[in-house]
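# Structural characterization, general
What follows is each chain in one-letter form.
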Amino acid sequence: MLKIKEIGAKGYEKVIVGKDSAAGLHAVIAVHNTVLGPGLGGIRMQPYRSEKEALADALRLSKAMTYKAAISHLAIGGGKAVVIGNPQKPKSKKMLLALGDMIESLGGRYLAAEDVGFYCKDLDVIAQRTKHLTGASPSMGGSGDCSPSTSKGIIVGIQTAVQERFKTVNLTGIRIAIQGIGKVGWPLLEFFHSLHAEIFVSDIDPEKCREAQKRFGVKIILPPQIHKIEAEVFSPCALGGGLNPKTIPGLGAKIVAGGANNQFLDEKKGPSALMKREILHAPDFVINAGGIIHLFVKEILKKEDLTPWLLKIGGTLREIFRLSRLEGTAPLPIAVRLAEERIRRKQSS
Ligand code: NAD
């Protein structure tokens, strides 16, 4: 039987832990902020070592979703679900249905979507128990996988960062190191291959690396070395925390611009450490907003054309880079400030 326990977390509207031993479910859902609208965010599955570790990830990720929606001018808030488990193993229907009940228990305050380890087909099963989700298959009335839109937004962001750092809009022949070639990283690989870029790739999944090498002739780099590659762009598209005191001193690129959420292990010290090294960082929750834009525009606004929304990512980044130059402050704290200002304005209106 599903048991749901509420946990108090300062600064968060609602955090619940759900357990159903018979169904094999152990999950946390964090709703950070719903001032702008219901807390939308993907479901992540990882082999977390403890509930504490899962909770910490849910809190960090749901807050980033609030900022992502606010900075992208979307009428939604931030939430996230994390499920403790091995994403490589097939998920049982019982587990997915129990998760659906857990999402339903929040009454629409949290809108689910896919994230690392979760796919459209999983959402299709969850949809049997709750309507509070986005990104189910088109045959089920959803807008499908939003990852290609995330990748498109990242491409806009990389173009903007290259223009800021190198004063050119030409990406042809650029050197790019991509960490993680999953749903977000793979379309980047395809795009940069079409521009005759020099591409370096790492993934912990050897099968994906073999496929990338076979199809695109990319250079495969061992995962612990990818950040060191001398390139114009390092694009983290795996998990968070990749920018940390161990990796920052060895970064080989002039720009960090990728899809991973919460890229800095230490969001206080990390951004300025990167800035001191004259490495331009495109804040993660700005550049990777394409997926949430896709879900919002297609499923909440019921519109088709994402292009103007995705292009706005470029405008937002330009403004952040301008303020960063003007104030001598790293881009991430500026992006946080702009997002928080937007929420405060809405709260006081
Ligand atoms: P995914 O699971 O499809 O792909 C992640 C890839 O990274 C996998 O191929 C995995 O094997 C690889 N990986 C894991 N650890 C690695 C490591 N240490 N070194 C190299 N590779 C590693 O996930 P995704 O949907 O592509 O998401 C990637 C990142 O982008 C995540 O941080 C996710 O939260 C973020 N994100 C995704 C979306 C989306 O639309 N899918 C939207 C916004 C943000």
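As the structure is a computational prediction, the values presented were derived from the model and not from experiment. (Residues numbered from 1 in each chain as written. Predicted model: local features only at pLDDT ≥ 70, side-chain atom pairs only at ≥ 80, totals over all residues. Heavy atoms only, no water.)

### Quick notes on the pairing of strand E4 (residues 39-46)
Short version of the rule: Three exposure classes are used, based on accessible area relative to the maximum for each residue type with a 1.4 Å probe and protein chains only: buried under 20%, partly exposed in between, and exposed over 50%. Helix numbering and strand numbering both begin at the N terminus, where a helix is a DSSP run of H or I of at least 4 residues and a strand a DSSP run of E of at least 2. Place the viewer so that the strands point away; then a crossover is right-handed whenever the path from the first strand over the helix to the second strand goes clockwise. By the convention used here, strands pair only if DSSP detects at least 2 bridges between them.
Counting buried residues along E4, eight of its eight residues qualify, which places the element largely inside the surrounding structure. You can see the chain leave E4, run along helix H1 (residues 51-71) and come back into strand E5 (residues 77-84), and the turn it takes is right-handed. Pairing of E4 with strand E6 (residues 110-114), which is carried by five bridges, proceeds in the parallel orientation. Pairing of leucine 40 across the sheet is with leucine 111, part of E6.

### Some points on the nonpolar core
For the record, the criterion: In plain words, nonpolar cores are sets of buried Ala, Val, Leu, Ile, Met, Phe, Trp, Tyr and Cys residues tied together by side-chain atoms within 4.5 Å. Domain boundaries shown here were taken from an automatic or database domain assignment. Working rule for contacts: check all heavy atoms of both residues, and any pair within 4.5 Å makes them a contact.
Ranked by size, the top nonpolar core spans 79 residues in total, and within it Ile178, Leu189, Phe192, Ile199 and Ile293 carry the most contacts. Per-element tally for this core: the top contributor is helix H10 (residues 307-327), with seven residues. Composition of this core by domain shows at least three residues from each of domain 1 (3-64 + 76-140) and domain 2 (147-344). Every residue in contact with isoleucine 199, bar those within four places of it in the chain, is listed here: Ile176, Ile178, Leu189, Phe192, His193, Val218 and Lys219. Residues Ile16, Leu25, Ala27 and Tyr110 belong to the second largest nonpolar core, which totals 26 residues.

### Structural notes on the domain arrangement of the protein
Spelled out, the test is: By convention, the term buried area covers the 1.4 Å-probe accessible surface removed from two parts as they join, with the contributions of both added. Here a polar contact is taken to be a pair of N or O atoms separated by no more than 3.5 Å, where protein atoms must pair a possible hydrogen donor with a possible acceptor and residues adjacent in sequence count only if both atoms sit in side chains. Amino acids are sorted into nonpolar (Ala, Val, Leu, Ile, Met, Phe, Trp, Tyr, Cys and Pro), charged (Asp, Glu, Lys and Arg) and polar (every other residue, Gly among them).
Partitioning the protein into domains gives domain 1 (3-64 + 76-140) and domain 2 (147-344). Relative to domain 2, the C-alpha centre of domain 1 lies at a distance of 25 Å. Domain 1 puts 23 residues into the contact, and the matching count from domain 2 is twelve residues. Between domain 1 and domain 2, the buried area comes to about 1400 Å², and carbon and sulfur atoms account for 65% of it. The interface formed by domain 1 and domain 2 includes three residue pairs in polar contact (both at pLDDT 80 or more). Taken together, the residues of the side of domain 1 that touches domain 2 sort by class into 13 nonpolar, five polar and five charged.

### Looking at helix H11 (residues 331-348)
The criterion, for reference: Every helix has an expected span of 1.5 Å times one less than the residues it contains.
With 18 residues, H11 extends 26 Å between its outermost C-alpha atoms, agreeing within 8% with the 26 Å of an ideal straight helix rising 1.5 Å per residue. Those residues of H11 that fall on the buried side of the exposure criterion are Pro331, Leu332, Ile334, Ala335, Leu338, Ala339 and Ile343. Looking at the buried residues of H11, the elements they touch are strand E3 (25-33), H1, helix H7 (270-276), strand E12 (280-281), helix H8 (284-287) and H10.

### Regarding helix H5 (residues 185-194)
For the α-helix, the turn length of 3.6 residues means that residues three or four positions removed from each other point alike. Let me state the cut-off plainly: Directions drawn from the helix axis to the C-beta atoms are what define this arc.
Turning to H5, its buried residues are Gly185, Trp186, Leu188, Leu189 and Phe192. Burial along H5 is one-sided: seen end-on, the buried residues are contained in an arc of 155 degrees. Buried positions along H5 lie against helix H4 (147-166), strand E7 (175-179), strand E8 (198-202), helix H6 (206-216) and strand E10 (231-236). One or two steps after H5, the chain reaches histidine 196, where phi turns positive at roughly 55 degrees.

### Quick word on the packing of helix H9 (residues 290-300) against H10
Two packed helices can be described by the angle between their axes and the distance between those axes. Keep this limit in mind: Interaxial angles span 0 to 180 degrees and are taken between N-to-C directions of axes, which are lines fitted to C-alpha atoms, for helices over the stretch in contact. Handedness of a crossing is defined here by the sense of rotation of the near helix relative to the far one, left-handed for an anticlockwise turn of less than a right angle and right-handed for a clockwise turn.
Between H9 and H10, whose axes approach to 10 Å, the crossing angle comes to 145 degrees. Here the hand of the crossing between H9 and H10 comes out right-handed. In contact with Gly290, Ile293, Phe296 and Val297 of H9, H10 contributes Trp309, Leu310 and Ile313. Considering only residue class, the contact of H9 with H10 consists of six nonpolar, one polar and no charged.

### Some details on the packing of aromatic side chains
By convention here, two paired aromatic rings are described through the distance between centres and the angle between planes. What counts is decided by this rule: In this scheme Phe, Tyr and Trp rings, the latter by its six-membered ring, pair at centre separations within 6.5 Å, and the angle between planes marks the pair as stacked below 30 degrees, edge-to-face above 60, and tilted otherwise. Note on geometry: a ring has a charge over it if NZ (lysine) or CZ (arginine) is within 6 Å of the ring centre and within 35 degrees of the ring normal.
Here the structure, examined in full by the defined rule, presents four aromatic pairs. The interplanar angle of 40 degrees and the centroid separation of 5.4 Å between the aromatic rings of tyrosine 67 and phenylalanine 285 together place this pair among those described as tilted. You can see tyrosine 67 sitting in helix H1 and its partner phenylalanine 285 sitting in helix H8, a full 218 residues away along the chain. Both residues of the pair, tyrosine 67 and phenylalanine 285, belong to the buried class. Between phenylalanine 191 and phenylalanine 192, the aromatic rings sit 5.1 Å apart at their centres with planes inclined by 90 degrees, giving edge-to-face as the arrangement. Looking at lysine 91, its charged tip hangs above the ring of phenylalanine 118, at a distance of 4.9 Å from the centre.

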